[in-house]
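Structural description and commentary
If you want the building blocks of each chain, they are given just below.
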Amino acid sequence: KQEVTQIPAALSVPEGENLVLNCSFTDSAIYNLQWFRQDPGKGLTSLLLIQSSQREQTSGRLNASLDKSSGRSTLYIAASQPGDSATYLCAVRDSGNTPLVFGKGTRLSVIA
Amino acid sequence: IAGITQAPTSQILAAGRRMTLRCTQDMRHNAMYWYRQDLGLGLRLIHYSNTAGTTGKGEVPDGYSVSRANTDDFPLTLASAVPSQTSVYFCASSPQSGQGKETQYFGPGTRLLVL
């Protein structure tokens, strides 16, 4: 059974700092991996999707990497801003017709 | 506006009552999902459907049922609500292209309080 772990559970950084959020998964034979953002009281918004054949994806100040052999993904946020404060969730899909399995998220606070 | 709608936005329900949470998507996605989100437990899958006419059980299906009569709608029913079903419920959908690019989209959620 696939299990996804995100460490740390919470993180507080000063504005402008570069930071890395970590995600690990137990079964390396994944189909794709997705990073989401969730603001308090809101639904989830997809940030980046990495296909199993890819090593990384970038969108603006966000860069997600994937190392299937070690069962890890990282989300790099450059020059963090207070507006980046949210919970970030990692999720993996084992095959094309199986649901995403989610980690519990990392709650990020960027302090001005 | 394309996306997923959920209704109601929030609900207070007496224990023992029947309740249906509605979910509609207009993106013609094959797959749809219901999750519940609880503090400290994260997102847990309740039921899913890979295509109209089929459904499957997730991690926490007990006390819930779903149907998928068409592509767009995926209602979740609590036959007899219990306080432990107090949670935030999210509906989601994704295409199934077989190309590894299937981004999953989420609705805004339904906040349910069972007393």
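Our subject is the structure that appears above.
Residues numbered from 1 in each chain as written. Chains lettered and ligands numbered in written order. Predicted model: local features only at pLDDT ≥ 70, side-chain atom pairs only at ≥ 80, totals over all residues. Heavy atoms only, no water.

Across all of its chains, the model carries five salt bridges over all chains by this definition. Here Arg61(A) makes a salt bridge to Asp84(A), at a shortest N to O gap of 2.8 Å. One end of the pair, Arg61(A), is in the loop between strand E6 (56-59) and strand E7 (62-67); the other, Asp84(A), is in the loop between strand E8 (72-77) and strand E9 (86-93), and 23 residues separate them in sequence. Among the residues examined, Arg61(A) registers a relative accessible area of 30% and is labelled partly exposed. Put simply, Arg44(B) and Asp38(B) hold a salt bridge, and the shortest N to O gap is 3.0 Å. Each member of the pair, Arg44(B) as well as Asp38(B), is classed as buried. A single network of salt bridges, built from pairs that share partners, joins Arg36(B), Asp38(B) and Arg44(B). (Salt bridge = Lys/Arg side-chain N within 4 Å of Asp/Glu carboxyl O. Helix = DSSP H or I, 4+ residues; strand = E, 2+ residues; numbered from the N terminus. Buried < 20%, exposed > 50% of the residue type's maximum accessible area, 1.4 Å probe, protein only.)

All names here are of chain B. In total, this model carries eight aromatic pairs over all chains according to the counting rule given. Measuring from centroid to centroid gives 5.6 Å for Tyr-35 and Phe-106, while their planes differ by 35°, and the two rings are tilted. Highlighted residues: Tyr-35 in strand E4 (residues 31-38) and Phe-106 in strand E10 (residues 105-106), separated in sequence by 71 residues. Residue Tyr-35 shares its accessibility class with Phe-106, and that shared class is buried. (Phe/Tyr/Trp six-rings, centres within 6.5 Å; stacked < 30°, edge-to-face > 60°.)

What follows concerns the interface of chain B and chain A. Across the contact, 25 residues belong to chain B and 21 residues belong to chain A. Between chain B and chain A, roughly 1,700 Å² of surface is buried when both sides are summed, and carbon and sulfur atoms account for 49% of that area. Interface area lost by chain B to chain A is led by Leu43(B), Gly100(B) and Phe106(B), which between them contribute 25%. Where chain B packs against chain A, one counts zero salt bridges. Taken together, the connections running from chain B to chain A amount to nine residue pairs in polar contact (both at pLDDT 80 or more). Elements represented by at least two residues in the side of chain B that touches chain A include exactly E4, strand E5 (42-49) and strand E9 (87-94) of chain B. (Contact = heavy atoms within 4.5 Å. Buried area = accessible area lost by both parts, 1.4 Å probe. Polar contact = N/O pair within 3.5 Å; in protein donor to acceptor, adjacent residues only side chain to side chain.)

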